[in-house]
Protein chains: 2
Amino acid sequence: MSKIVYADNAATTALSKQALEAMMPYLTSEHGNPSSLYSFGRNARRAIDNAHIKVADAIGAKPEEIYFTGGGTEADNWAIKSVAELKKSQGKHIITSSIEHHAVSHTLQYLEKKGYEVTYLEVNDVGQISLKELCSAIREDTILITIMTANNEIGTILPVAEIGKIAHENGILFHTDAVQAVGHIPIDVKQMNIDLLSLAGHKFRGPKGIGALYIRKGLRLPSNMLGGGQEHGLRSGTENVAGIMGLATALDEATVHLPENMKKVSAMRDRLIDGLLKIPHSKLTGDPVNRLPGTASFAFEFVEGESMVLLLDHHGICVSSGSACSSASLDPSHDSSQREAFARKPVGHKKRF
Amino acid sequence: MSKIVYADNAATTALSKQALEAMMPYLTSEHGNPSSLYSFGRNARRAIDNAHIKVADAIGAKPEEIYFTGGGTEADNWAIKSVAELKKSQGKHIITSSIEHHAVSHTLQYLEKKGYEVTYLEVNDVGQISLKELCSAIREDTILITIMTANNEIGTILPVAEIGKIAHENGILFHTDAVQAVGHIPIDVKQMNIDLLSLAGHKFRGPKGIGALYIRKGLRLPSNMLGGGQEHGLRSGTENVAGIMGLATALDEATVHLPENMKKVSAMRDRLIDGLLKIPHSKLTGDPVNRLPGTASFAFEFVEGESMVLLLDHHGICVSSGSACSSASLDPSHDSSQREAFARKPVGHKKRF
């Protein structure tokens, strides 16, 4: 294959040059353990401290509110399971949307087996929840609302600030899986009333295998991993210094260039949408207005998603079909509106893994 | 500082040249998501499949028995918490040693708060447990024995094969934290009767932030993280492809060169021991015979550990003192025999974080 058109940046992105450069010292000469007392280790410690500052600045948080994890999935699992554990004496009801990533939805299914009750808010034909339905779903025993900032497949951006406001007016904690959104649209955890936010490096040109959970100060979650006491005692394990540096550098870069990137990428997206909608039996999925700049998602009537992915691959074009997750999964998007509107497996979805 | 003598390879090692070379494609051109259907993603999938084979080969396991994690701490937490959950209907008693890494001991303390009972086997003056005491500690409701393969501070190698045999004769699962041992001494999970084994890349010249748990086939542990279904459905999250390649390559390299490395490193260790024992009031800690090739650990009477670490740092020599874990921790080694034999904080311990 001579040339590849990589059109699957919603699944994972290429590491940025700056991020790689920031990582290299920690993969070569600066290999000290950040928990060591000697100066060689303290260099790595300083790097991690700076990374906390950079990530915090990018989302309007404080450095001590950022906890690095092994990825977005770990952050989602930690946030949701921990709140369930922390608040179980107050209630066992959780509200979510029907279009969450499996890292959230499978974790909630696990909790359902443990006796928790989950309300899944349906979405309309552009993937939006109804705030009215959200308000109606709130009960005395609701302990958590977990709704994604933006959908990984159809690109719909959800009204997170309003959801957070409703949560706080009702004394309920609010977690958002912002893995698909951070680095692509402006995020401010304080303005958006967010208590817990998950993000992942590889979605904004950082490396794979590193993510973070923002935990609002004052909210005392149980430890995610027990051991040496790293990450303020909540996420033990020798720090992935190179990964942390890569994530922080890529996020800083994305944040600095956010306005121009959004403008440029949106224009490319719209050109792609205009072109593809000229194909008969094609339809845009997701919200046409409140939409991630980099996500164009379509359904093609009468066409199997996987066949089209493989055919496009044959032409050097990388796209994703159907729902998120592992290659073995051939389920269509779990946005139920799409399931009804069209035959199986809309194609061109940017999936997130 | 003109020249650094890095003598803290028990805390963390420098990434090997081969491991870095194996990682670089996945940090640059080969950035595809291994769960993608298109060929660009399938390259990453093949790399991960090969990494499973390499790691399995190194410890006498099958590729499908290897599950990559975010590090050794995650592997320890997963193994211990999962067995506790899986076997709780059969009993809530666990046996361990008194010199485990905090990733094990703190996880056990957590379980104690949840109603589990833990027997901590004392060690003798060279850090060895008594197999007779182990046998006596076994009860009807014992569900797990978790004892480390080699100690991270004093370097004592424990009789893992015998411990595993005793465990299996009594129908008890055996987990070993082999983070300090893998890549440094021969390990064969089948011959050693091991059901669960934790390892970490950065201990054998692989990268930080990546580890693995060996789970014996047939033992069905609960998922560690829920989501996209990666790692045979047990450890979801987009794979850290570069990290996995780095770990597998470094382990393969360490395994190929194991006999010559053991010989060379042991000779250096013994020379260091001979020299340092000439210092008045010094004492070797740990087992003089069953000892990790690369670990030399001493106690110096009347001397504060941290002062010596900082003084040696001033001379460009990196060593560790006291017990494992984060820099804030100034506890002495939790090998209680050392605590009695000497004043606080033996110095020169290779600590593991």
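Look a little higher up for the structure.
Model, not experiment: these values are computed from the prediction.

Visitor: Hey, could you run me through the overall build of chain A in this one?
Guide: Each helix and strand in chain A was counted, giving 10 helices and 11 strands. A compact globule built from 353 residues should have a C-alpha radius of gyration of about 20 Å, and chain A, at 20 Å, falls within 12% of that. For chain A, the spread of C-alpha atoms along the three principal axes comes to 65 × 55 × 35 Å. Per-residue burial for chain A yields a buried fraction of 62% across its 353 residues. Across chain A, the fraction of contacts at a sequence separation of at least 24, relative to all contacts at a separation of at least 6, is 70%.

Visitor: Would you mind going over the pattern of salt bridges with me for this structure?
Guide: Side chains that carry opposite charge are capable of pairing whenever their charged atoms lie near each other. Within this structure, the stated rule accounts for 28 salt bridges over all chains. Of the charged contacts, one joins Arg42(A) and Asp313(B) as a salt bridge, the two residues approaching to 3.8 Å between their closest N and O atoms. Of this pair, Arg42(A) sits in helix α2 (residues 39-59) while Asp313(B) sits in helix α9 (residues 305-314), which puts the two residues in different chains. With relative accessibility at 35%, the residue Arg42(A) sits in the partly exposed group.

Visitor: Help me understand α9(B) in this model?
Guide: Residues separated by three or four positions in an α-helix point in the same direction, a consequence of the helix having 3.6 residues per turn. Residues and elements named next belong to chain B. Looking only at α9, the buried set comprises Gly305, Glu306, Met308, Val309 and Asp313. Here the buried residues of α9 occupy an arc of 165 degrees about the axis, which is enough to place them on one side. In α9, the exposed positions that point more than 90 degrees away from the buried face belong to Leu311 and His314. Of the residues trailing α9, Gly316 is marked for its positive phi of about 80 degrees.

Visitor: Help me understand the packing of helix α1 (residues 17-27) of chain A against helix α1 (residues 17-27) of chain B in this model?
Guide: Axis angle and axis distance: for two packed helices, these are the angle between their axes and the distance between the axes, and together they describe the pair. Remark: α1(A) packs on α1(B), axes separated minimally by 13 Å, with the N-to-C direction vectors making an angle of 165 degrees. The angle between the axes of α1(A) and α1(B) places the two elements in the roughly antiparallel class. Note that α1(A) runs across α1(B); the crossing there is right-handed. Residues Leu20(A), Met23(A), Met24(A) and Leu27(A) of α1(A) touch α1(B), and the partners they reach there are Leu20(B), Met23(B), Met24(B) and Leu27(B). Residues belonging to the contact of α1(A) with α1(B) are distributed by class as follows: 8 nonpolar, no polar and no charged.

Visitor: Is there a simple way to explain unusual backbone geometry in this structure?
Guide: With glycine set apart, most residues show a phi of negative sign, and most peptide bonds adopt trans. Residue and element names in this part refer to chain B. The phi dihedral of Glu231 falls on the positive side, at around 50 degrees, and the residue is not glycine. Structurally, Glu231 is set in the loop between β8 (211-215) and α7 (241-256). Of note, the phi angle at His232 is positive, near 55 degrees, even though the residue is not glycine. The topology assignment puts His232 in the loop between β8 and α7. Relative accessible area serves as the criterion here: at 47%, His232 is assigned to the partly exposed category.

Visitor: Any chance you could explain the nonpolar core here in plain terms?
Guide: The nonpolar side chains of soluble globular proteins are, as a tendency, buried together. Ile59(A), Ile145(A), Leu197(A), Ile59(B), Ile145(B) and Leu197(B) are the most contacted members of the largest nonpolar core, which totals 120 residues. Excluding residues that lie within four positions of it along the chain, Ile145(A) makes contacts with Ile95(A), Leu134(A), Ile138(A), Ile163(A), Ala167(A), Ile172(A), Leu173(A), Phe174(A) and His175(A).

Visitor: What exactly am I supposed to notice about the side chain of Thr142(A) here?
Guide: Residues and elements named next belong to chain A. Inspection of the secondary structure puts Thr142 in strand β5 (residues 142-146). A relative accessible area of 7% places Thr142 in the buried class. Within the local environment of Thr142, its side chain forms a polar contact with the backbone nitrogen of Arg139, the two atoms lying 2.8 Å apart. Thr142 has contacts with His93, Ile95, Ala137 and Ile172, leaving out every residue within four places of it along the chain.

Visitor: Explain the pairing of β8(B) to me, please; I cannot follow it from the model alone.
Guide: Residues and elements named next belong to chain B. The element β8 is extensively covered by neighbouring structure, given that 5 of its 5 residues are classed as buried. Because side chains alternate across β8, one face comprises the buried residues Gly211, Leu213 and Ile215, and the other comprises Ala212 and Tyr214, equally buried. Of the strand pairs in this sheet, strand β2 (residues 66-69) and β8 are connected by 4 bridges, and their pairing is antiparallel. Counted as the bridge partner of Tyr67 is Leu213 from β8. Judged from the 5 bridges that link them, strand β7 (residues 196-200) and β8 form a sheet pairing that is antiparallel. Bridging from a neighbouring strand, Ser198 pairs with Leu213 of β8.

Visitor: Would you take a moment to explain the sheet that holds strand β4 (residues 117-121) of chain B for this structure?
Guide: Note on sheets: strands pair through backbone hydrogen bonds, and any given pair is parallel or antiparallel. Residue and element names in this part refer to chain B. Strand order across the open sheet formed by 7 strands is β2-β8-β7-β6-β5-β3-β4, with mixed pairing between neighbours. In the strand order of this sheet, the two ends are held by β2 and β4, each with one partner. The mean inter-strand angle of the sheet, taken between neighbouring strand axes irrespective of direction, is 20 degrees. Both strand β5 (residues 142-146) and strand β6 (residues 173-177) contribute to a ladder of 3 bridges, which runs parallel. Residue Ile145 lies in a different strand from β6, and its bridge partner there is Phe174. Sheet strands in contact with helix α2 (residues 39-59) are β2, β7 and β8, and its direction is about 110 degrees off that of β2. Set on the sheet, helix α4 (residues 102-113) makes contact with β3 (93-97), β4, β5 and β6; between it and β4 the angle comes to about 145 degrees.

Procedures and definitions
- Residues numbered from 1 in each chain as written.
- Chains lettered and ligands numbered in written order.
- Predicted model: local features only at pLDDT ≥ 70, side-chain atom pairs only at ≥ 80, totals over all residues.
- Heavy atoms only, no water.
- Helix = DSSP H or I, 4+ residues; strand = E, 2+ residues; numbered from the N terminus.
- Rg over C-alpha atoms; globule rule 2.2 N^0.38 Å.
- Buried < 20%, exposed > 50% of the residue type's maximum accessible area, 1.4 Å probe, protein only.
- Contact = heavy atoms within 4.5 Å.
- Salt bridge = Lys/Arg side-chain N within 4 Å of Asp/Glu carboxyl O.
- Arc of directions from axis to C-beta.
- Axes fitted to C-alpha atoms, helices over the stretch in contact; angles between N-to-C directions.
- Parallel < 35°, antiparallel > 145°, perpendicular 65-115°, else oblique.
- Left-handed = near helix turned anticlockwise from the far one by under 90°.
- Nonpolar A, V, L, I, M, F, W, Y, C, P; charged D, E, K, R; others polar.
- Core = buried A, V, L, I, M, F, W, Y, C linked by side-chain atoms within 4.5 Å.
- Polar contact = N/O pair within 3.5 Å; in protein donor to acceptor, adjacent residues only side chain to side chain.
- Pairing = 2+ DSSP bridges.

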